[in-house]
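For reference, the chains in residue letters:
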Amino acid sequence: MRPFSLLIKPAGPDCNLACRYCFYACKSGLFGDGRHRMSDSTAEGMVRDYLGLGLEMSSFAWQGGEPTLMGLEFFQKIVAFQKQYGRDGQMVSNALQTNATLLDTRWCEFLASNRFLVGISLDGPAEIHDHYRRDHAGRGSFDRVMTAIDLCRKHGVEFNILALIHDHNAEKADELFDFFTVQGFRFLQLIPCAEIDPATGHMADCSIDGPRYGRFLCRMFERWLGYGPTRLSIRLFDSILAYALGQGQTECTLGPQCNDYIVIEHNGQAYCCDFFVEPEYLLGNIHDTNIGQLAASPRKRTFGEDKRQIANKCLVCRYLDVCRGGCPKDRLVRGKGLAAESWFCEGYKMFFDRALGHLRGMAAKLQTKSGYRR
């Protein structure tokens with residue numbers, strides 16, 4: 001069987017924050033009002049069936065909403081299930097994407113001892129982060145996040161930083177770079193914001209366009225080169241460097257087809273992608289169908305291949321092989337279907353013009369140093 005990973009939403013769209021740009025909060029309408037939580041029986045069946053496939057690597061990525069709303073005891077049970085149903089020598093990994101506000105000493109001891117890779121959402125210094133990332137009482141979350149980061153460091157939790165690039169920080173690349181490097185962060189993901197306002201049907205105010213994203217990336221790249229690429233991993237830059245080394249893109253946004261993972265919601269429903277948790281992308285339910293069958297289903301296969309439906313202008317673009325039309329989500333916001341250029345097309349071109357030559361040069365030096373040839 002072709003390997004695939006699970007992206008799991010154990011608390012569904014529920015969250016203790018009320019970030020104004022969140023694209024997943026509205027998913028409550030799919031699952032009904034009230035509290036959404038994965039049951040122990042659903043969790044056990046999911047782990048049992050997934051590990052039973054015997055994949056070389058079985059990857060569990062826990063997201064939300066906010067997955068830590070499940071409580072530490074739930075994840076202790078998950079690890080116990082993994083040990084119970086895993087086979088000798090089977091490789092199992094866990095990743096947790098969190099707003100970090102609920103992490104305490106007990107959480108950090110557990111995450112470190114069980115080798116969870118933790119992604120922490122942090123949009124920049126307090127004034128930037130708290131602009132959108134507030135709780136339901138309107139209080140900013142920055143101080144709680146930084147306290148959690150200190151605890152992660154104290155207990156040896158491996159973590160990276162995920163920053164959403166939106167209308168309030170896209171023009172502040174220098175401020176963000178200085179903040180992240182002064183904090184000593186080593187691993188950084190930059191995600192551009194492109195969301196539709198359901199009330200108007202137009203792009204939400206928090207969104208940025210291609211040129212703003214392009215200028216931001218170019219400035220971050222310049223600072224990254226000056227700072228030292230080996231001192232800071234920026235996921236997008238690393239992905240293009242891997243492409244230049246002939247290893248293929250490591251970021252699904254720029255890959256030839258959508259990533260091999262499926263989303264498992266709290267009630268066992270499985271979807272093609274967390275950006276497409278909609279009825280038309282429902283694969284089925286793990287209570288009714290084996291996870292392996294869901295991942296190999298014609299609907300999932302078609303979804304992955306649909307990424308190849310790119311715009312005519314992409315077919316003649318000199319950067320086609322680098323970006324492959326970008327993420328389908330960022331094409332659909334134009335309202336023209338999948339065969340449209342990415343909302344960030346112009347920005348990617350600006351960035352590739354500025355950075356691709358440097359990254360290819362870095363790849364050539366690495367190949368020469370290691371004696372590697374394609």
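Residues numbered from 1 in each chain as written. Predicted model: local features only at pLDDT ≥ 70, side-chain atom pairs only at ≥ 80, totals over all residues. Heavy atoms only, no water.

Draft legend 1. Expanded view of the packing of helix α2 (residues 40–51) against helix α3 (residues 72–85). Interhelical geometry of α2 versus α3 gives an angle of 35° and a closest axis separation of 9 Å. For the pair α2 and α3, the sense of crossing is right-handed. Only Phe-74, Lys-77, Ile-78, Phe-81, Gln-82, Gln-84 and Tyr-85 of α3 make contact with α2, whose side of the interface consists of Asp-40, Ala-43, Glu-44, Val-47, Arg-48 and Leu-51. Of the residues belonging to the contact of α2 with α3, the class tally is seven nonpolar, two polar and four charged. (Axes fitted to C-alpha atoms, helices over the stretch in contact; angles between N-to-C directions. Helix = DSSP H or I, 4+ residues; strand = E, 2+ residues; numbered from the N terminus. Left-handed = near helix turned anticlockwise from the far one by under 90°. Contact = heavy atoms within 4.5 Å. Nonpolar A, V, L, I, M, F, W, Y, C, P; charged D, E, K, R; others polar.)

Draft legend 2. Up close: the side chain of Arg-331. Among the secondary structure elements, Arg-331 is positioned in helix α14 (residues 328–332). One buried charged residue, Arg-331, remains without a salt bridge, the closest side chain of opposite sign being Asp-330 at 8.3 Å. Polar contacts involving the side chain of Arg-331 include one to the main-chain carbonyl oxygen of Arg-324, which spans 3.4 Å. With near-sequence residues (within four places) excluded, Arg-331 lies in contact with Asp-306, Lys-307, Gln-309, Ile-310, Arg-324, Gly-325, Gly-326, Gly-337, Leu-338, Ala-340, Glu-341 and Ser-342. (Buried < 20%, exposed > 50% of the residue type's maximum accessible area, 1.4 Å probe, protein only. Lys, Arg positive; Asp, Glu negative; His and termini not counted. Salt bridge = Lys/Arg side-chain N within 4 Å of Asp/Glu carboxyl O. Polar contact = N/O pair within 3.5 Å; in protein donor to acceptor, adjacent residues only side chain to side chain.)

Draft legend 3. Seen up close, the nonpolar core. Among the nonpolar cores identified, the biggest contains 103 residues, and Leu-6, Met-46, Trp-62 and Leu-122 are the most heavily contacted of them. Setting aside anything within four residues of it in sequence, one finds Trp-62 in contact with Ile-8, Pro-10, Met-46, Pro-67, Phe-74, Phe-75, Ile-78, Asn-94, Ala-95, Leu-96, Gln-97 and Phe-116. One finds Tyr-21, Tyr-132, Cys-193 and Cys-206 within the second-largest nonpolar core, a separate group that totals eight residues. (Core = buried A, V, L, I, M, F, W, Y, C linked by side-chain atoms within 4.5 Å.)

Draft legend 4. The arrangement of the packing of helix α8 (residues 210–227) against helix α9 (residues 235–244) in detail. Contact pair α8 / α9: the axes reach a minimum separation of 11 Å and the direction vectors enclose 80°. As the angle between them shows, α8 and α9 are arranged roughly perpendicular. Residues Tyr-213, Leu-217, Met-220, Phe-221 and Trp-224 of α8 pack against Leu-236, Phe-237 and Asp-238 of α9. Split by residue class, the contact of α8 with α9 holds seven nonpolar, no polar and one charged. (Parallel < 35°, antiparallel > 145°, perpendicular 65-115°, else oblique.)

Draft legend 5. Region of the structure containing the sheet that holds strand β8 (residues 261–265). A sheet is described by the order of its strands in space; here 10 strands give the open sequence β7-β6-β5-β4-β3-β2-β1-β8-β9-β10, paired in mixed fashion. Only two strands of the sheet have a single partner each, and these edge strands are β7 (233–234) and β10 (282–285). The pairing of β8 with strand β9 (residues 269–271) spans two bridges and is antiparallel. The residue of β9 that forms the bridge with Val-263 is Tyr-271. Along the sheet face, α2 touches β1 (5–9), β2 (57–62), β3 (91–98) and β8 and points at about 155° away from the line of β2. (Pairing = 2+ DSSP bridges.)

Draft legend 6. Expanded view of the side chain of His-129. As for its placement among the helices and strands, His-129 is situated in helix α5 (residues 126–132). Ignoring any residue separated from it by four or fewer positions in sequence, one finds His-129 in contact with Ser-121, Leu-122, Asp-123, Gly-124, Ser-141, Phe-142 and Val-145.

Draft legend 7. Main features of the environment of Gly-45. Mapped onto the elements, Gly-45 comes out in helix α2. With relative accessibility at 12%, the residue Gly-45 sits in the buried group. When the C-alpha atoms of Gly-45 and Phe-81 are compared, they prove to be 9.2 Å apart, with 36 residues separating the residues in sequence.

Keep in mind that these numbers describe shape and distance, not what the molecule does.
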